Amino acid sequence: MNITRLFDRSEWLGFAAIAAILLILFPSVIDIFRLNLVGKYLTYAFVAVGLVLCWGHGGILSLGQGIFFGLGGYCMAMFLKLEASTPENTSIQSTPGIPDFMDWNQLTELPWWWEPFNSLAFTIVAIIVVPSILAFIIGQAMFQRRVGGVYFAIITQAIAAILTILIVGQQGYTGGINGITDLRTLLGWDIRTDSAKYILYFVNVILLLGVVMIAQFVKVSKFGRLLVAMRDKEDRVRFSGYNVSDFKVFIFCLAAAFSAIGGAMFTLQVGFMSPSFVGIVPSIEMVIFAAVGGRLSLFGAVIGALLVNFAKTTFSETFPELWLFAMGGLFIAVVMAFPNGLAGIYSTYVKPLIARILPNEQKAANAAQATKVPTKALAE
Amino acid sequence: MIGDYTYVEFSSILAMQGFAGLSLFSVFVLMALGLAIIFGQMGVINMAHGEFMILGAYVTYFCSLFFQEYLPSLFGIYFFIAMILAFFVSGALGVVVEWLMIRHLYKRPLDTLLATWGLSLILQQFYRSVFGAREVGVTLPDWLLGSISLTDIIDVPINGLFVMAITLTITLGVAFIMYKSTWGKQIRAVVQNRTMAGAVGINTKMVDRMTYGLGCGIAGVAGSAFTMIGSTGPTAGQLYIVDTFLVVVFGGAASLLGTIASAFTISQAQSTMEFFMSGSTAKVLTLLTVVGILMLRPQGLFTLKIRR
């Protein structure tokens, strides 16, 4: 496919606008502390983009994206932790050279499954592959037996709960409730300095833009159309001779891989990883990022993740009591009043306005109208 | 001899763990009954179920305070009044929620999940703002304290027995409502064929609303019973919600018998394993087994045959 046909004209504008805001505007106007926060919010946008494909287009609601976010983050954290735990740095421990929390829990040697994380190449592969394999197993088991919708949501939620209990319970191997903390360098490069934070921010944004382009490629491809068809009339797609479960497994794995990249970038920018980003509550919050932005819009997902997290930080700093009310209200409002989120509001209200002012944009506005979810699809 | 224990000790341990499992079973059944009605019969995912339960617990707490203050002579029986109140308060809130929110979302089950999650956040914060963040516990009347010694080793706490008795009563009550009363027949008729049920003159919208209210009311009673074995905090409900959903799904969503059977299996498995390994490992193993079985048999243990 020709790269220029990946987006239509207004989508190119949107993509360019987001790229310009993230790459030029934010770094030039906000200080490094806030920029680091924006970087952290953007790691959730990876999850939200995955959910747009998987939930918005494919109709598969996963309440366990925190699993994959967490696995990606933990893979990265394990590598960084091993690098930080050199025998010199940990000479006061009873067993020098192993991560501090293992020493606290009376472990005397590194568990075998930690060994490969000494290699950065292995770690980078593992960040993508480990969550994808888990997603493949879950997806294969569920979709082959035609389990979908609500049941799938509950099972993924249960798996998120299981993983949290496991991580918290196996303190000696995983760092327990505190997670893996005190991460310092990546191949000798100190990730805690301001300059490192700038570089990580840009790496993060470029990865995110790449992920959005991959997602867009999937969306406009034939597979993307099949995905929507599966969401709206699964049986018809099946009767047309397509193997529905394979498609579902693939899109679920892709969403998992996206989330995992987000998790790994989260660890790098924030400097730790803990089970509080894995469990049920963060996993459902990740769905709301996609829902606020618009469950069908990739750009919406990025904006939704930014806005909700920004609101969360601001609210919980200034009015901690109001935050949960606001969050709860947001869930209800987005479901009941704006099922297409901000992107839906944009294409229903703002686009026609622009079209009235600039008549030659009319065609683009019509095209956008056509891609809105019909209410019947939502009723599925 | 089994391991380090004599045969008598070992069987006592099994009996004690079995009893602990029965307490957990009671909580699971009480929570899952309401959920099974709402999820199994109506297909609505009520993520705020735990919060309805906690509402019942708070009602019980305030009842105990009220009786202590104004009617100390009747303190021994406050619990029964509190349970009835809890049922109606939670049930009324359920009816209001159905009217405001759920009825617009019947055709979008995944969206009810998100909306009721939002509701649960709001309720949690509401409890925290109004009742305080601290966990509260009720004072039990004297006749519920203490325990009965069956043998030298086996002690059975009375409040645990009482909760089981409540569970049994409520289960029988729900079974009666669902399978014998006119209302129950209407509910099942609507579940099996909404259009036909409407055609023979059943007010399906009203049935939906009352069913949802009934489910929430039972959650309230569950919360009321829950105060006897644990303390109540604003977020206590969320701890149980995933377990409860697994219980309902594992049992087969539309079958009350299945719900009870699966609550029994899961609670016994968990409490027996808890003796042999750490609590978290036992829980992980139990949940993993349940999820594993659900992956092989997604329809659950018991299924209702419905022609669609």
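Note that the structure is predicted; figures quoted are calculated from it, not measured.

## Considering the domain arrangement of chain A
Where interface size is quoted, it is often the accessible area lost as the parts come together.
For step 1, the next point in the chain: Domain boundaries in chain A define domain 1 (35-322) and domain 2 (338-380).
For step 2, the next point in the chain: For domain 1 of chain A versus domain 2 of chain A, the distance between C-alpha centres works out to 31 Å.

## So, the packing of helix H9 (residues 236-251) of chain B against helix H11 (residues 279-296) of chain B
Residues and elements named next belong to chain B.
For step 1, the next point in the chain: Remark: H9 packs on H11, axes separated minimally by 11 Å, with the N-to-C direction vectors making an angle of 35°. For H9 against H11, the interelement crossing comes out left-handed. Note on element contacts: H11 touches H9 through Lys-283, Leu-287, Val-290, Ile-293 and Leu-294, opposite Asp-243, Leu-246, Val-249 and Phe-250.
For step 2, the next point in the chain: When grouped by side-chain class, the residues that make up the contact of H9 with H11 number seven nonpolar, no polar and two charged.

## Some words on the interface of chain A and chain B
For step 1, the next point in the chain: In this assembly, 43 residues from chain A lie in contact with 42 residues from chain B.
For step 2, the next point in the chain: For the chain A and chain B pair, buried surface summed over both sides reaches about 3600 Å², with 83% attributable to carbon and sulfur atoms.
For step 3, the next point in the chain: For the pair chain A and chain B, the interface holds one salt bridge.
For step 4, the next point in the chain: One salt bridge connects Asp-111 of chain B with Arg-295 of chain A, and the closest N-O pair in it is separated by 3.3 Å.
For step 5, the next point in the chain: The tally of links between chain A and chain B comes to two residue pairs in polar contact (both at pLDDT 80 or more).
For step 6, the next point in the chain: Those elements that place two or more of their residues in the side of chain A that touches chain B are helix H5 (120-144), helix H6 (149-169), helix H12 (280-293) and helix H14 (320-336) of chain A.
For step 7, the next point in the chain: Of the residues forming the side of chain A that touches chain B, the biggest block, 14 residues, is contributed by H6 of chain A.
For step 8, the next point in the chain: Broken down by class, the residue content of the side of chain A that touches chain B amounts to 32 nonpolar, seven polar and four charged.

## Here we look at helix H11 (residues 244-270) of chain A
For step 1, the next point in the chain: With 27 residues, H11 of chain A should cover 39 Å at 1.5 Å per step; its first-to-last C-alpha distance of 39 Å lies within 8% of that length.
For step 2, the next point in the chain: Counting buried positions along H11 of chain A gives 24 out of 27 residues, so the element sits mostly inside the fold.

## Brief notes about the nonpolar core
For step 1, the next point in the chain: Core analysis: the largest hydrophobic core is formed by 213 residues, its most contacted members being Leu-22, Leu-42, Val-49, Trp-55, Ile-288 and Val-302 of chain A together with Tyr-212 of chain B.
For step 2, the next point in the chain: Ranked by residues supplied to this core, first place goes to helix H2 (residues 32-57) of chain A with 17 residues.
For step 3, the next point in the chain: When sequence neighbours within four positions are dropped, the list of residues in contact with Val-49 of chain A reads Val-211, Val-212, Ala-215, Phe-258, Leu-298, Ala-301 and Val-302 of chain A.

## Quick notes on unusual backbone geometry
Residue and element names in this part refer to chain A.
For step 1, the next point in the chain: Backbone geometry places Gln-106, a non-glycine residue, at a positive phi of 65°.
For step 2, the next point in the chain: Under the relative-accessibility criterion, Gln-106 is labelled exposed at 68%.
For step 3, the next point in the chain: Its identity as a non-glycine residue notwithstanding, Asp-182 has a phi of 60°, on the positive side.
For step 4, the next point in the chain: You can see Asp-182 is positioned in the loop between helix H7 (171-174) and strand E1 (185-186).
For step 5, the next point in the chain: You can call Asp-182 partly exposed: its relative accessible area is 35%.

## Structural notes on the confidence of the model for chain B
For step 1, the next point in the chain: Within chain B, residue pLDDT values average 82, and 94% of them lie at 70 or more.
For step 2, the next point in the chain: When mean pLDDT is compared element by element in chain B, helix H3 (residues 78-100) of chain B scores highest at 90, while strand E1 (residues 147-149) of chain B scores lowest at 72.

## With respect to the packing of aromatic side chains
For step 1, the next point in the chain: In total, this model carries 38 aromatic pairs over all chains according to the counting rule given.
For step 2, the next point in the chain: Residues Phe-143 of chain A and Phe-252 of chain A carry aromatic rings whose centres are separated by 6.4 Å and whose planes lie at 90° to one another, so their mutual orientation is edge-to-face. With Phe-143 of chain A in helix H5 and Phe-252 of chain A in helix H11, this pair connects stretches of sequence that are 109 residues apart. You'll find Phe-143 of chain A and Phe-252 of chain A in the same group, each marked buried.
For step 3, the next point in the chain: Seen in terms of ring centroids, Phe-126 of chain B and Tyr-127 of chain B are 6.3 Å apart; in terms of plane orientation they differ by 65°. Their pairing is edge-to-face.
For step 4, the next point in the chain: Within the aromatic cluster, the residues linked to one another by ring pairs are Phe-66, Phe-67, Tyr-70, Tyr-78, Phe-79, Phe-80 and Phe-162 of chain B.

## Re the state of the cysteines
Residues and elements named next belong to chain A.
For step 1, the next point in the chain: What the rule picks out here adds up to zero disulfides over all chains.
For step 2, the next point in the chain: Looking at the unpaired Cys-253, the closest cysteine sulfur is the one in Cys-54, lying at 9.7 Å.
For step 3, the next point in the chain: The exposure class assigned to Cys-253 is buried, which follows from its relative accessible area of 13%.

## A closer look at the pattern of salt bridges
All names here are of chain A.
For step 1, the next point in the chain: If you walk through the whole model with that rule in mind, you get 13 salt bridges over all chains.
For step 2, the next point in the chain: Across the pair Asp-232 and Arg-231 runs a salt bridge whose closest N-O atoms are separated by 2.9 Å.
For step 3, the next point in the chain: Taking relative accessible area as the criterion, Asp-232 reaches 23% and is therefore assigned partly exposed.
For step 4, the next point in the chain: The exposure class assigned to Arg-231 is buried, which follows from its relative accessible area of 13%.
For step 5, the next point in the chain: Several salt bridges share partner residues, and in doing so they unite Glu-234, Asp-235, Arg-238 and Lys-248 into one network.

## Observations concerning a nonpolar patch on the surface
Residues and elements named next belong to chain B.
For step 1, the next point in the chain: A surface patch of nonpolar side chains, about 890 Å² in accessible area, is lined by Phe-66, Tyr-70, Leu-71, Leu-74, Ile-77, Phe-80, Ile-81, Leu-85, Val-89 and Trp-143.
For step 2, the next point in the chain: Of all the secondary-structure elements, those providing two or more residues to the nonpolar patch are helix H2 (49-70) and H3.
For step 3, the next point in the chain: At four residues, H3 tops the list of elements feeding residues into the nonpolar patch.
For step 4, the next point in the chain: Inspection of the secondary structure assignment puts Val-89 in helix H3.

## A closer look at the side chain of Thr-167 of chain B
For step 1, the next point in the chain: Mapped onto the fold, Thr-167 of chain B is located in helix H5 (residues 158-179).
For step 2, the next point in the chain: Thr-167 of chain B has contacts with Ser-26, Val-29 and Leu-30 of chain B, leaving out every residue within four places of it along the chain.

## Some details on the packing of H6 of chain A against H9 of chain B
For step 1, the next point in the chain: The interhelical angle for the contact between H6 of chain A and H9 of chain B, taken along N-to-C directions, is 135°, at an axis separation of 10 Å. When the interaxial angle is binned, H6 of chain A and H9 of chain B end up oblique. Regarding H6 of chain A and H9 of chain B, the two cross each other, and that crossing is left-handed. Counting all contacts with H6 of chain A, which are made through Tyr-151, Ile-154, Gln-157, Ala-158 and Ala-161 of chain A, the residues of H9 of chain B involved are Val-242, Phe-245, Leu-246 and Val-249 of chain B.
For step 2, the next point in the chain: Per-class residue counts for the contact of H6 of chain A with H9 of chain B are eight nonpolar, one polar and no charged.

Definitions and cut-offs
- Just so you know, the residues in each chain are numbered from 1, in the order the chain's sequence is written.
- Following the order in which they are written, the chains are lettered starting with A and the ligands numbered starting with 1.
- pLDDT decides what is reported in this predicted model: residues at 70 or higher carry local features, side-chain atom pairs at 80 or more are listed and counted, and totals for whole chains, interfaces and linings draw on all residues regardless.
- The side-chain quantities take in all heavy atoms of the structure and omit both hydrogens and water.
- Each domain span listed reflects an automatic or database assignment of domains.
- Between the N-to-C directions of two axes lies an angle of 0 to 180 degrees, each axis being a line fitted to C-alpha atoms and, for a helix, fitted only over the stretch in contact.
- Counting from the N terminus, the helices are DSSP H or I runs at least four residues long and the strands are E runs at least two residues long.
- By convention, the crossing between two helices is left-handed when the near helix turns anticlockwise from the far helix through less than a right angle, and right-handed when the turn is clockwise.
- When checking whether two residues touch, look at their non-hydrogen atoms; a contact exists if any pair is within 4.5 Å.
- Residues are grouped as follows: Ala, Val, Leu, Ile, Met, Phe, Trp, Tyr, Cys and Pro are nonpolar; Asp, Glu, Lys and Arg are charged; every other residue, Gly included, is polar.
- Once two parts are put together, the accessible area they lose, assessed with a 1.4 Å probe and summed over both, is termed the buried area.
- Definition used for salt bridges: Asp or Glu carboxyl oxygen within 4 Å of a side-chain nitrogen of Lys or Arg.
- By the criterion applied in these results, polar contacts are pairs of N or O atoms within 3.5 Å in which, for protein atoms, one can donate a hydrogen and the other can accept it, and in which residues neighboring in sequence qualify only through two side-chain atoms.
- Here the expected length of a helix is defined as 1.5 Å per residue gap, with one fewer gap than residues.
- When accessible area is computed with a 1.4 Å probe and restricted to protein chains, residues below 20% of their type maximum are described as buried, those above 50% as exposed, and intermediate ones as partly exposed.
- What is meant by a nonpolar core is a set of buried Ala, Val, Leu, Ile, Met, Phe, Trp, Tyr and Cys residues, joined one to another through side-chain atoms within 4.5 Å.
- pLDDT gives the predictor's per-residue confidence on a scale running from 0 to 100.
- A pair of aromatic rings is counted whenever rings of Phe, Tyr or Trp (Trp by its six-membered ring) have centres within 6.5 Å, and the orientation is called stacked for planes under 30 degrees apart, edge-to-face for over 60 and tilted otherwise.
- Pairs of cysteine sulfur atoms within 2.5 Å are identified as disulfides in what follows.
- Without a salt bridge and with relative accessible area above 30%, a residue can belong to a patch; like charges are then joined within 9 Å and nonpolar side chains (Val, Leu, Ile, Met, Phe, Trp, Tyr) within 5 Å.
- Computed with a 1.4 Å probe, the accessible areas rest on the Shrake-Rupley method; for each residue, only the protein chains presented here act as cover.
- Every angle not falling under 35 degrees, over 145, or within 65 to 115 is termed oblique; those three ranges are roughly parallel, roughly antiparallel and roughly perpendicular.

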